[in-house]
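Each chain is listed here by its residues.
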Amino acid sequence: MLFIVAALALMGVLLGAAAHTPLPLFLAAAGAIGAWLLVFFIRERTGHKGS
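The text that follows walks through the structure, step by step, so that each part is easy to find. (Residues numbered from 1 in each chain as written. Predicted model: local features only at pLDDT ≥ 70, side-chain atom pairs only at ≥ 80, totals over all residues. Heavy atoms only, no water.)

1. Things to note about the overall build of the protein chain
Now for step 1: Per the secondary structure count, the protein chain includes two helices and zero strands.
Now for step 2: A principal-axis box enclosing the C-alpha atoms of the protein chain has dimensions of 45 × 35 × 5 Å.
Now for step 3: Counting over 51 residues, the protein chain shows a buried share of 0%.
Now for step 4: Carbon and sulfur atoms provide 79% of the accessible area of the protein chain, an area that totals close to 4,700 Å². (Helix = DSSP H or I, 4+ residues; strand = E, 2+ residues; numbered from the N terminus. Buried < 20%, exposed > 50% of the residue type's maximum accessible area, 1.4 Å probe, protein only. Areas by Shrake-Rupley, 256 points an atom, 1.4 Å probe, with all protein chains shown as cover.)

2. Some points on a nonpolar patch on the surface
Now for step 1: Taken together, the side chains of Met 1, Leu 2, Phe 3, Ile 4, Val 5, Leu 8, Met 11 and Leu 15 define a hydrophobic patch exposed on the protein surface, amounting to about 970 Å² of accessible area.
Now for step 2: Tracing the backbone through its elements, the reader meets Met 1 in the segment before helix H1 (2–19). (Patch = residues over 30% accessible without salt bridge, like charges linked within 9 Å, V, L, I, M, F, W, Y side chains within 5 Å. Salt bridge = Lys/Arg side-chain N within 4 Å of Asp/Glu carboxyl O.)

3. Focus: the environment of Ala 18
Now for step 1: Looking at the secondary structure, you find Ala 18 in helix H1.
Now for step 2: For the pair formed by Ala 18 and Trp 36, sequence separation is 18 residues and the distance between their alpha carbons is 18 Å.

Okay, structure coming up:
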């Protein structure tokens, strides 16, 4: 239960911070995070075939 409360509080802080940033900066940060997640996904899928 404490984990859920902490997760909701953190999400509220992050969404509140995102609401006060300019839209181009928010979109650039979202694109950078999305690209990083895509690279991480590709590396995880292709890097562990031999193990």
